[in-house]
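# Tertiary structure, described
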Amino acid sequence: MTTLKAINDLSRHTEPLRAELDGAIKRVLDRGWFVLGPEVTAFEQEFAAYCGASHCVSLASGTDALEMALRALGIGPGKTVLTVANAGLYSTIAIFATGATPVYAEILPDKLLIDPTDMKRILDSRKVDAIIVTHLYGLLANMRSILLFAREKGVPVIEDCAQAHGASRQGKKAGSLADIACFSFYPTKNLGALGDGGAVTTSSPELAEAIRQLRQYGWSKKYQASRAGGHNSRLDELQAAILRAKLPLLDTWNARRRDIAKRYNTGIRHPKITTPGTHGEEYVAHLYVIRTAEREALKQHLAAANIPCDIHYPIPDFAQPAYSALFTGVRLPITTQVCKEVLTLPCFPELGDDEVDTIIAHINAW
Ligand SMILES: *Cc1c(COP(=O)(O)O)cnc(C)c1O
């Protein structure tokens, strides 16, 4: 038995931060400036510096970030965007929102990230106008091969970093590895607000300016819309102040998440369960995901012990009821199989070693 209330108990996360969060909220209330003010400006500078990008433009959500990154790159009706189908539909939604069409690459059977070889096969066989690379579960994709193949064809690359805040390889962080990157600050993300939020980071001044216009009605100046496809999508001052209070703690939280993942990897020993690989700084353990062909039975076993778990994600994008009629010809056997096998165990910084050990014991006893 565990006393976990949910797969991610956010009350444990915010309780120790009450003084800092109250202070941040009070600062905004005292100032009386609620949209596009000094907290947003400061957060954008601090988060760009953290990611090693020249610019950060904050937005209302991660999904908006994906859509606006696509629009800034000129994606719209008649264009095609390459992505994967096992990453929760977010990229697909954003692609459709621009009027473009998604095309899906297969994933690597061990890492569950985009397979660069399949990506290259698609790039060689048809016109692709942009690529979205999701650092799924907090693990950085193989950007070297991806960028190599994409640059050969002149196709821009977008990172989806919504699960990978702070992940790094050879000192370079998620958000600085491609042309433009998208983040979500949904409360359960590695860096989460107390509501919705998102951002893009980029080192291109032109893309940053395009996003700044798109987030505010397409305005180039007040009441002058110079760019079509504008939205109202702004991070508010309260959420920016909250994120500023939390950003200095992100690396500590990520290290703890990574330790929990390692503890699971060392402890779980079961012939019917595959654990993910053990990784260093390139993995920030947003989600700890195991695989088993008998997922339903394992879920029931864990439920009986009050151990919360979840599935990220159960349905491939191309098989979602709202869109499946458009993708009747799509055959991606690894993606399809993986969606039937993945199971997410609790993994958040405030989870105790004793709780992890209890979960491991229950799993090994299955
Ligand atoms: C959460 C998430 C998003 C969407 O972010 P929202 O802020 O919820 O719109 C996009 N991509 C991935 C991989 C995510 O995990």
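Residues numbered from 1 in each chain as written. Predicted model: local features only at pLDDT ≥ 70, side-chain atom pairs only at ≥ 80, totals over all residues. Heavy atoms only, no water.

## Considering the domain arrangement of the protein
Annotation of the protein at the domain level lists domain 1 (10-248) and domain 2 (249-364). Using C-alpha coordinates to define each centre, domain 1 is positioned 23 Å away from domain 2. Taken together, the contact pairs 43 residues of domain 1 with 38 residues of domain 2. It is R12, Y137 and N190 that lose the most area in domain 1 upon contact with domain 2, and together they represent 22% of the buried surface on that side. Our count for the domain 1 to domain 2 interface comes out at one salt bridge. (Domains from an automatic or database assignment. Contact = heavy atoms within 4.5 Å. Buried area = accessible area lost by both parts, 1.4 Å probe. Salt bridge = Lys/Arg side-chain N within 4 Å of Asp/Glu carboxyl O.)

## Concerning the side chain of H270
Mapped onto the fold, H270 is located in the loop between α10 (250-267) and β12 (288-291). Note on H270: relative accessible area 13%, which makes it buried. Here K272 takes part through its backbone nitrogen, which lies 3.1 Å from a polar atom of the side chain of H270. At 2.7 Å, the side chain of H270 forms a polar contact with the backbone oxygen of W366. Residues in contact with H270, not counting those within four places in the same chain, are I363, N364 and W366. (Helix = DSSP H or I, 4+ residues; strand = E, 2+ residues; numbered from the N terminus. Buried < 20%, exposed > 50% of the residue type's maximum accessible area, 1.4 Å probe, protein only. Polar contact = N/O pair within 3.5 Å; in protein donor to acceptor, adjacent residues only side chain to side chain.)

## Structural notes on the pairing of strand β9 (residues 198-202)
For β9, the buried fraction is high: five of the five residues fall into the buried class. In β9, alternate side chains face the same way, and those of G198, V200 and T202 on one face and A199 and T201 on the other are all buried. For strand β1 (residues 55-59) and β9, the ladder comprises five bridges, and the chain directions are antiparallel. Each bridged residue has a counterpart across the sheet, and for C56 the counterpart in β9 is T201. (Pairing = 2+ DSSP bridges.)

## As for the packing of aromatic side chains
Inspection of every chain in the model, using the stated rule, returns 13 aromatic pairs. Seen in terms of ring centroids, F47 and Y50 are 6.2 Å apart; in terms of plane orientation they differ by 15°. Their pairing is stacked. On the criterion of helical spacing, the pair formed by F47 and Y50 is a turn pair, its members being three residues apart in helix α3 (residues 38-51). Judged on exposure class, the residue F47 and its partner Y50 are both buried. Between W219 and Y223, the ring centres sit 5.1 Å apart and the planes meet at 75°, which makes this aromatic pair edge-to-face. Exposure remark for Y223: the relative accessible area of 66% places this residue in the exposed category. In this arrangement the basic side chain of K173 is found over the ring face of Y50, its NZ or CZ atom lying 4.3 Å from the centre. When the ring centre of Y90 is taken as reference, the NZ or CZ atom of K189 above it lies at 5.6 Å. (Phe/Tyr/Trp six-rings, centres within 6.5 Å; stacked < 30°, edge-to-face > 60°. Lys NZ or Arg CZ within 6 Å of the ring centre and 35° of its normal.)

## Some thoughts on the site of the ligand
With respect to spatial proximity, the complete set of residues near the ligand consists of S61, G62, T63, Y90, T134, D160, A162, Q163, S184, K189 and G197. Here G62 contributes a backbone N or O atom positioned 2.8 Å from an oxygen atom of the ligand. Contacts to the ligand include S184, whose side-chain N or O atom sits 2.6 Å from an oxygen atom. (Near = heavy atom within 4 Å.)

## With respect to the sheet that holds strand β4 (residues 130-134)
In spatial order, the strands read β1-β9-β8-β5-β4-β2-β3; together these seven strands make up an open sheet with mixed pairing. Unpaired on one side and paired on the other, β1 and β3 (101-104) mark the two borders of the sheet. Neighbour-to-neighbour, the strand axes of this sheet turn through a mean angle of 25°, independent of strand direction. Across two bridges, strand β2 (residues 80-83) lies against β4 in parallel orientation. When the sheet's bridge partners are listed, V81 is paired in β4 with A130. Against the sheet, α3 contacts β1, β8 (180-184) and β9, and its axis sits at roughly 130° relative to β1. (Axes fitted to C-alpha atoms, helices over the stretch in contact; angles between N-to-C directions.)

## Comments concerning a nonpolar patch on the surface
Where nonpolar side chains cluster on the molecular surface, the patch consists of L29, F34 and V35 and spans about 270 Å² of accessible area. Assignment of secondary structure puts V35 in the loop between α2 (18-31) and α3. (Patch = residues over 30% accessible without salt bridge, like charges linked within 9 Å, V, L, I, M, F, W, Y side chains within 5 Å. Areas by Shrake-Rupley, 256 points an atom, 1.4 Å probe, with all protein chains shown as cover.)

## Considering the packing of helix α6 (residues 116-125) against helix α7 (residues 143-153)
At a minimum axis distance of 9 Å, the contact between α6 and α7 shows a crossing angle of 5°. Regarding the angle of α6 to α7, the classification is roughly parallel. Every residue of α7 that contacts α6 at P116, M119, K120, L123 and D124 is listed here: S145, I146, F149, A150, E152 and K153. Class assignment of the residues belonging to the contact of α6 with α7 gives a composition of six nonpolar, one polar and four charged. (Parallel < 35°, antiparallel > 145°, perpendicular 65-115°, else oblique. Nonpolar A, V, L, I, M, F, W, Y, C, P; charged D, E, K, R; others polar.)

## Looking at the pairing of strand β5 (residues 157-160)
Every second residue of β5 is oriented toward a common face, with V157 and E159 on one face and I158 and D160 on the other, all of them buried. Pairing between β4 and β5: four bridges, direction parallel. The residue of β5 that forms the bridge with V133 is E159. Two strands pair when backbone bridges link them, and β5 and β8 are joined in this way by three bridges, in the parallel orientation. The residue of β8 that forms the bridge with D160 is C182.

## Here's the deal with the environment of N265
Residue placement: N265 occurs in helix α10. A sequence separation of 12 residues divides N265 from G277, and the C-alpha atoms of the two residues are 7.8 Å apart. N265 has contacts with T275, P276, G277, T278 and Y288, leaving out every residue within four places of it along the chain. In this structure the side chain of N265 is engaged in a polar contact, spanning 3.3 Å, whose partner is the backbone oxygen of G277.

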